[in-house]
Each structure stands twice: as C-alpha cells, then as structure tokens.
Amino acid sequence: MPPLLRSVWDEPGPPNPPPRVWRDWVLVGVLVPVAVLEGLLRPDLPWRAVSVILTVGLVPTLLWRRTRPLPMVAIVFATTSLAPLLTGGDSAETYTMMYLLILVYSLFRWGSGREVALGLTIMLVAVSLSLLLGRITPGDMVGAFAVMFSAMALGGALRYRARARTRELDQIKLLEREQLARDLHDTIAHHVSAMAIRAQAGLATSESRPDAATDALRLIEVEAARALDEMRAMVRILRRDQPADLAPGRRVTDLEQLASRGRSGPSVDVEISGDLDDLPPSVEAAIYRLAQESVTNAQRHARHATRIEVRVTADDTSVRLRVSDDGDSSPIRPAAPPGYGLIGMIERADLLGGTCEAGPDPDRGWTVTAVLPRSGAAT
C-alpha cells in the first residue's frame, strides 16, 4: 500500500466524540412526524406505506452517528439498496431522507481513516449498483455524487479545523509549562543556595559552637525537602523533551509596574496585602503573569472601561488574585469558547494546583479570579 494511503488508513478518529445530547432527540422527534406528514400529503409517492416506514425506521441511526459512524452508514445504504426488492424495483425514498447526508458528514467528521475508506466504498458500490440496475440515470448519479461529496468535504474540513485548534491549544499549554519550569528553576536555585550558605556557616562555627553545625543540618534538611518537592513539580511539568528558558521570573512586587493613571485608557489600580514573604518564585511569577494577562485583556476588550482593579491577598495556605474592570463586557466577550490567553492562564494555575476563573459581573464589567496554593506545588 502506498505511504499516503497507508497514512489515511491508519489515521485514528478524533478523540472523545460527543455523546447523544438533547438536540439529537429533538432532531429525531422532528423528522418522524415530518416523514409521516410527507407520506400523507404526497399523492405521487409510490409505495407510500413502505416509503414512510423506511424513512422513519432509519431516523434512529442519527443517534449513533458520532460514536458509530461506519455501522450507521452501512445500515442506511444497505437498507436503501435492498428496499426496491420489496417494491418491485420502484424507488421508496422520500424527500425527508435527505437527513441521511448527516450520516455521510458524520462519517468524515468522526470516523477513523479505515472507517472513512470502508464507508466511502459502501457508498460508491450502492450508487453504482443503482445505476447498473437502472434505478437511476447517469445524470442522477452525477447529482448524487455531487451532493455526497459536498457532505464529505464539509465533514473533512471541520475535522481538520478542530485538529488544528487542538494543536494550537497544545502549543499554548506547552509554552505555559516551559515558563513555569523557568520559575521552578528559580525556586530550586534559591533552595540550593540557602543550603550552601548554611553548610558554610556550619563549617565555620563547628569548632567553636558544635551545636551550630546541628542547627545548620536541620535547616539544610528543610531546604532540601523543599527543593525536592519543587524538583518533582518540575518533572511533572516538563512532560515533553524540549528545553526550557531558565531566565529569572517576575515577582509579586513587580505588579506595581502595572499601575497607571489612565491617560490613554482605563486606569489600573494595584493593591497588595497579606503575608507575601517566602513565596516560591513559581507562585510569584504565576500571580504576576495572571495579573498581567488579565489587565491586558481588560485594556483590549473592556468597552467603556474607566478603571481596572488588581487585588492580591495572601493567607497561611493560599494566594488570591482578583482583577476586575467596570467596562461593558457583554457584547465583546462571549462566554465560550475561551480564548488562548484564558486557556493558558487556566493551565498555569492548574499546574500549580490552583484554579483560575473568568466571567462577567452581574451588573457590568469582567472579573478574573485565581487562587494558588502557597506551597506552589500541585498535590
């Protein structure tokens, strides 16, 4: 088999096809009475009872069109090809059976490579047999292929568009992991430096103060445990074999640089409170970047905003960030799907064991809330 055909044959189906939802049941509930109504109102429909029963009987295949696309296509084309045996060669198809194009679309949207190849073969054989048996004319065959290929093209286009978006999302998450690895590198370097200083102090005072060496060993043990936790977090994050930039990261105190008086846009007010001492660099950098991205989004998208508030508070267990604006967000920022910036923010918070949420306020404005554990490591 040529390499191109082999790659098509081995291509897996899109992951996690959507299960049946209420819209599928509504579609089935609408098509059944439409098929019955067509049978009652079309006096020219041959074998009216058989045509209506056939149309209604194939409607349930739409419920499995995403999870079982090939079997549904095989059932439909086999049934419609054998139906003329019951009608003496007359066509038993109704206008309502146009819904079968949805199955063709679903095959190319959700099927694997081999399912698509087998389904396409089944469709070509069914149409060709109809031509050879004289059920359709060559002109009808051309029209049938044109309609089917249109449904195929639409399914394939949406399939590869979804795949491209998935690759973009993976790239965004990878960038967040690399940035977080850089921040964790700062944390480990801090702990190792502390251990070196404590060891030097212990050696310098060991002769005059033997107990100082014991104290230094205890502190080294604590720092080593923290560094080990951070190293484990880095290993979890660097799941891909790519180098990460290990330049120093931002700190919470750098948030003051985001403040502005609003000469060319909304003013930015920054307030920091609580115990922010001894935060891991990964948490400090994450808080800064989450706030920076939130402020940037508000400046770009918050229509008629005059003020952006950045609030950072900390307690014994967590650090909380809240960024809100007073703009008119409803016509500009839809709830779904989230943009890549928000996806990256959620990924960064999740890798540190925290949460990040964004949404419109009840009255007006938009608020981003992030809560990160003070330890800076996911559990």
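Residues numbered from 1 in each chain as written. Predicted model: local features only at pLDDT ≥ 70, side-chain atom pairs only at ≥ 80, totals over all residues. Heavy atoms only, no water.

S.K.: I would appreciate a short explanation of the environment of T61 in the present structure.
M.R.: Here T61 lies in the loop between α3 (48-58) and α4 (69-82). When the C-alpha atoms of T61 and L103 are compared, they prove to be 8.1 Å apart, with 42 residues separating the residues in sequence. Each residue touching T61, except ones within four places of it in the same chain, is listed here: M72, I75, V76 and L103. A polar contact of 2.5 Å, which involves the side chain of T61, links it to the backbone oxygen of L58. (Helix = DSSP H or I, 4+ residues; strand = E, 2+ residues; numbered from the N terminus. Contact = heavy atoms within 4.5 Å. Polar contact = N/O pair within 3.5 Å; in protein donor to acceptor, adjacent residues only side chain to side chain.)

S.K.: How should I be thinking about the nonpolar core in this particular structure?
M.R.: Looking at soluble globular proteins, one finds that nonpolar side chains tend to be buried together. The biggest cluster of nonpolar side chains holds 30 residues, and the ones touching the most others in it are L255, I287, V310, V312, V319 and L321. Breaking this core down by element, the ones donating at least two residues are β1 (267-272), α9 (281-301), β2 (307-314), β3 (318-325), α10 (340-351) and β5 (366-373). Per element, the largest residue contribution to this core is eight residues, and it comes from α9. Among residues more than four places away in sequence, those in contact with V312 are V252, L255, E271, I272, S273, L276, I287, V319, R320 and L321. (Core = buried A, V, L, I, M, F, W, Y, C linked by side-chain atoms within 4.5 Å. Buried < 20%, exposed > 50% of the residue type's maximum accessible area, 1.4 Å probe, protein only.)

S.K.: How should I be thinking about the side chain of D325 in this particular structure?
M.R.: Structurally, D325 is set in strand β3. A polar atom in the side chain of D325 sits 2.9 Å from the backbone nitrogen of G327.

S.K.: Just to check I follow, could you spell out the pairing of β2 for this structure?
M.R.: In the case of a regular strand, side chains alternate between the two sheet surfaces. Sheet topology places β1 next to β2; six bridges connect them, and they run parallel. Bridge pairing in β2 links E271 to R311. Read as a crossover between parallel neighbours, the route from β1 over α9 to β2 is left-handed. Strand direction decides the pairing type here: β2 and β3, joined by seven bridges, are antiparallel. Its bridge partner being in β3, E309 is matched across the sheet by S324. Where β2 hands over to β3, the hairpin turn is made up of three residues, counted between the paired strands. (Pairing = 2+ DSSP bridges. Right-handed = clockwise from strand over helix to strand, strands pointing away.)

S.K.: I keep staring at the pattern of salt bridges and nothing clicks. Help me out?
M.R.: Oppositely charged side chains can form a pair if their charged atoms are brought close together. Evaluation of the coordinates by the stated rule reveals 13 salt bridges. In this structure, the salt-bridge partner of E11 is R159, at a minimum N-O distance of 3.4 Å. Highlighted residues: E11 in the loop between α1 (3-10) and α2 (22-41) and R159 in helix α7 (residues 138-205), separated in sequence by 148 residues. On the basis of relative accessibility, which here comes to 4%, the residue R159 falls in the buried class. Of the charged contacts, one joins D269 and R311 as a salt bridge, the two residues approaching to 2.8 Å between their closest N and O atoms. (Salt bridge = Lys/Arg side-chain N within 4 Å of Asp/Glu carboxyl O.)

S.K.: Sorry if this is basic, but what is going on with the sheet that holds β5 here?
M.R.: To summarise the sheet geometry, strands pair through backbone hydrogen bonds and adopt either a parallel or an antiparallel arrangement. Ordered in space as β1-β2-β3-β5-β4, the five strands form an open sheet in which the pairing is mixed. Each having just a single partner strand, β1 and β4 (355-360) make up the two edges of the open sheet. Averaged over neighbouring strand pairs, the angle between their axes works out to 10° when direction is ignored. α9 rests against β1, β2, β3 and β5 of the sheet, and its axis sits at about 10° to β3. (Axes fitted to C-alpha atoms, helices over the stretch in contact; angles between N-to-C directions.)

S.K.: Would you take a moment to explain the packing of aromatic side chains for this structure?
M.R.: Working definition: an aromatic ring pair is given by the centre-to-centre distance plus the angle between the planes. Tallied over the entire structure, the rule returns one aromatic pair. Between the aromatic rings of F145 and F149, the centroid separation amounts to 5.9 Å while the plane-to-plane angle is 20°, which identifies the pairing as stacked. Of this pair, F145 and F149 both sit in helix α7, four residues apart, which is roughly one turn of the helix. Given a relative accessible area of 17%, F145 falls into the buried group. The lysine or arginine in question, R42, covers the ring of Y95, its NZ or CZ lying 4.0 Å from the ring centre. When the ring centre of W110 is taken as reference, the NZ or CZ atom of R109 above it lies at 3.9 Å. (Phe/Tyr/Trp six-rings, centres within 6.5 Å; stacked < 30°, edge-to-face > 60°. Lys NZ or Arg CZ within 6 Å of the ring centre and 35° of its normal.)

What is shown is where atoms sit, not what they do.
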